[in-house]
Amino acid sequence: MSKAVNVLISDPTLRDGNHAVSHQLTREQIATYCRAADKAGIPIVEVGHGNGLGASSLQVGLARTDDETALRTARENLPNSKLGIHVIPGFATIERDLKRAMDYGVDVVRVASHCTEADLTERHIRFCRANGKTVFGVLMMSHMIGKDMLAEEARKMENYGAEAVVIMDSAGNYLPSDVKERIDHLLETLSIPVGFHAHNNLGMAVANSITAVEAGATILDGSARGFGAGAGNTQLEVLVAVLHRMGFETGIDLYRMLDAADLAEGELLKEHPRISSISVVSGLAGVFSGFSKHVQRLAQEFDLDPRDIFFELGRRRIVAGQEDLIIEVSSELAAQKKAGL
Amino acid sequence: MKNYRVAILGSGNIGTDLLVKALRSESLACVAFVGRSYTSPGMAKARALGVTCSDRSIAYIEEHAQEIDLVFDATSAKDHAVHAPILKALGLRVIDLTPAKIGSICIPAVNQDSSLGSDNLNMVTCGGQASIPVAYAIGKTHSEIDYLEVVSSIASKSAGPATRINLDEYIDTTEKGIQAFSGAKHTKAILILNPAVPCIDMQTTIFAAVRNPDLDALKSVLDPIVAKIRSYVPGYRVIVGPILENGRIVVMVRVRGRGDYLPEYAGNLDIINCAAIAMAEEFAKEGRA
């Protein structure tokens, strides 16, 4: 007899992982990993461009596989797991993107905004609820504000109809005490479940995720082998093993989870996610992990130290989706360098 | 002579900033500032400035149509869909600042003269006003544009509730606008709100994927267009480009506002309102016909 699941795992391998390969995941890769994830019993499998639905762009990167193909392929290969999508208003619109995604068989819609801009999610959340979908609100770059303001924004999402709120450490900047403080306060403020999405820039992804669960979070995100933006996400197979050892139940079969992770390593990853020197800088500077590839490219083009670009982006408090600003910052730093400043 | 009579419908950030600009204009007379609630900050400001105010929205305009030459609609896309037929029946000229896409698209630096024949001008969006002139210049100098994309970043504080609730319409209207003026096969618009303090200036990046990019030709067409925009939006400037980066043409513009109602960072407010005022002043030159 299976025990009741008390930590709900949502797996963004095929969404956040897309950042790590400049959004080049193929239909075959999506199909293969979905089959393995489904066999392992992963409850929610998130699929799409790194910035989610409707985000294939020159700004962030053009996706090799369009939303329709990616989502239909995933749907066909997920007989049991729920199919999730990441949706950022400002990139994805209801008419152009969300309505179609529903036709492709999406079950869980994670509507995201920068941590201070929850009111941008109102129409998208209400639309999904009205269409009978499971909806989570997602607050990205949550390290940029304190617990009170974060709870206020989360509360708006709850009022719009979100059934859970997930906070993202998009820059991999948190230490466990930061996580505990925020999760504690969210649980005091909200009457819906709370989740956590980590990045591993400072090597804290598993530890921060465990801290979140111990504080009462009941939804955790993790990717196979940590496949995700920048230094990667919480390594899912490790997280599941640790959760099980602690006595939590995820409904995931560990052996098959490990098989899925091995498969991801062989089939999806170009390079093993690692904490590179510039990932440490990006985490410290509190800059969106997804910028990593862009910063590396522009540092080369403009002959700059990528660490200087990251710290300047951090100083300007750039948020997710502002990849164009990396061009501006790089060209400015290059001009300063040329002027001998 | 301040004798061209304009009314402002909508008392939010856009409407209130328009009011300050209309009062400064040498040819416009603001005869009414109309909203839904006397308690809004915009209404308080208008009363302090001694402007006739009403909280009866479109009903006030209907009753006073004889005393008005032109109405600025600064409400929301949904509201303008209701207002447009009423204003048309009243025979009033309209400049629409919502992304309702009902009137003909107007970007003064590009199509001022042909716009004078329309009785309902749609000012697209702030991102559209900032990017369409560049998109137009790219279209003029490149025979095939496979794809054109514009990304605008604005300060969170500069986006009021109507702007936020109209986000999808903003995207749709901006995409259609850049397509119409550039001839690109596919277009995309993205909007980012950034809460950084101090507030960021409005900034827009135009990306284009073209066959045979010609940056010199583009620059020669773009420069006079930018000069024309600066004649009605002094804070508009190109900060990067045109450059070719990663196979894309990239042009970045920044808009600093005049700080009329919201502070200077709200270039998004300024550019659409300056464009609207510039057109109203052109109508004023033509008289009340």
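Residues numbered from 1 in each chain as written. Chains lettered and ligands numbered in written order. Predicted model: local features only at pLDDT ≥ 70, side-chain atom pairs only at ≥ 80, totals over all residues. Heavy atoms only, no water.

**Let's talk about unusual backbone geometry**
Short version of the rule: For helices the rule is a DSSP run of H or I covering at least 4 residues; for strands it is a run of E covering at least 2, with both sets numbered from the N terminus onward.
Residue B:P198 is bonded to the preceding B:V197 through a cis peptide linkage, with omega at -5°. Inspection of the secondary structure puts B:P198 in the loop between β9 (186-194) and β10 (202-210). The linkage connecting B:G241 with the following residue, B:P242, adopts the cis geometry, with an omega of 5°. Here B:P242 shows up in strand β11 (residues 236-245). Even without a glycine there, the phi angle at A:R225 is positive, about 60°.

**Considering the domain arrangement of chain A**
Residue and element names in this part refer to chain A. The criterion, for reference: The domain limits used here are those given by an automatic or database domain assignment. Buried area is calculated as the accessible area (1.4 Å probe) missing from two parts once they are joined, with the contributions of both summed. Here a salt bridge means any side-chain nitrogen of Lys or Arg lying within 4 Å of a carboxyl oxygen belonging to Asp or Glu. Ten residues, namely Ala, Val, Leu, Ile, Met, Phe, Trp, Tyr, Cys and Pro, are considered nonpolar, four, namely Asp, Glu, Lys and Arg, are considered charged, and the remaining ones, Gly among them, are considered polar.
Looking at chain A, the domain boundaries give domain 1 (8-267) and domain 2 (277-338). Computed from C-alpha atoms alone, the centre-to-centre distance between domain 1 and domain 2 is 25 Å. For the pair domain 1 and domain 2, the two sides together bury roughly 1,600 Å², of which 55% comes from carbon and sulfur. When residues of domain 1 are sorted by the area they lose upon contact with domain 2, Q59, M144 and N201 head the list and together hold 31% of the total. Where domain 1 meets domain 2, there are 0 salt bridges. A class-by-class count of the residues in the side of domain 1 that touches domain 2 yields 9 nonpolar, 12 polar and no charged.

**Details of the interface of chain A and chain B**
The criterion, for reference: Should any heavy atoms of two residues lie within 4.5 Å, those residues are considered in contact.
Taken together, the contacts link 36 residues of chain A with 37 residues of chain B. When residues of chain A are sorted by the area they lose upon contact with chain B, A:L58, A:G90 and A:R123 head the list and together hold 23% of the total. Along the contact surface separating chain A from chain B lie 6 salt bridges. Mapped onto the side of chain A that touches chain B, the elements with two or more residues apiece are α4 (94-103), α5 (122-130), α12 (292-301) and α14 (324-338) of chain A.

**A look at the layout of surface pockets**
Using the following cut-off: Cavities and pockets are found on a 1 Å grid laid over the protein atoms alone: a cavity is a set of points where a 1.4 Å probe fits but cannot escape, a pocket is an open set with protein on both sides within 12 Å along at least five of seven lines, and a lining residue has an atom within 4 Å of such a point. Grid points are joined across faces, edges and corners, and a volume is the space filled by probe spheres set on the points.
For the largest pocket, the calculated volume is near 860 Å³. In terms of lining residues, the largest pocket is bounded by 41 residues, among which B:G12, B:A74, B:T75, B:A162 and B:T163 are the most central. Secondary-structure elements contributing two or more residues to the lining of the largest pocket are α1 (13-24), α2 (41-48), α4 (77-89), α7 (161-165) and α10 (267-286) of chain B. The residue inventory of the lining of the largest pocket, partitioned by class, reads 19 nonpolar, 19 polar and 3 charged. Taken as a whole, the second largest pocket encloses approximately 540 Å³ of empty space. A:G54, A:S56, A:D66, A:D67 and A:D97 are the residues nearest the centre of the second largest pocket, which is lined by 18 residues in total. Counting only elements with at least two residues in the lining of the second largest pocket, the list comes to α3 (67-76) and α4 of chain A together with β9 of chain B.

**Let's talk about the sheet that holds strand β8 (residues 145-155) of chain B**
All names here are of chain B. Convention followed: Two strands pair under a simple rule: DSSP has to find at least two bridges between them. For helices, the axis comes from a line fit to the C-alpha atoms of the stretch in contact; other axes are also lines fit to C-alpha atoms, and the angle between any two N-to-C directions lies between 0 and 180 degrees.
Spatial ordering of the open sheet is given by β9-β8-β10-β12-β11, a layout of 5 strands whose pairing is mixed. Two strands lie at the open edges of the sheet, namely β9 and β11, each paired on one side alone. Within this sheet the neighbouring strands show an average axis-to-axis angle of 15°, counted without direction. Lying on the sheet, helix α9 (residues 215-232) is in contact with β11 and β12 (248-255); it crosses β11 at an angle near 170°.

**Topic: empty space enclosed by the protein**
Under the definition given, this model contains 6 cavities of 30 Å³ or more. Of the voids in this model, the largest cavity is the one considered here, and its volume is about 150 Å³. Counting residues per element, the ones that place at least two in the lining of the largest cavity are β4 (108-114) of chain A together with β9 of chain B. Per-class residue counts for the lining of the largest cavity are 11 nonpolar, 3 polar and 1 charged. Here the second largest cavity defines a volume of roughly 100 Å³. A:R15, A:D16, A:H19, A:M168 and A:F288 are the residues nearest the centre of the second largest cavity, which is lined by 14 residues in total. Class assignment of the residues belonging to the lining of the second largest cavity gives a composition of 5 nonpolar, 7 polar and 2 charged.

**Some remarks on the state of the cysteines**
All names here are of chain B. Which entries qualify depends on this criterion: Note on terminology: disulfide denotes any pair of cysteine sulfur atoms within 2.5 Å. Residue exposure (1.4 Å probe, protein chains only): buried if accessible area is under 20% of the type maximum, exposed if over 50%, otherwise partly exposed.
One pass over the full model with this rule turns up 0 disulfides over all chains. For C30, which is in no disulfide, the shortest distance to another cysteine sulfur is to C53 and amounts to 8.5 Å. Residue C30 is classed as buried on the basis of its relative accessible area of 16%. No disulfide involves C274; its nearest neighbouring cysteine sulfur is the one of C126, lying 13 Å away.

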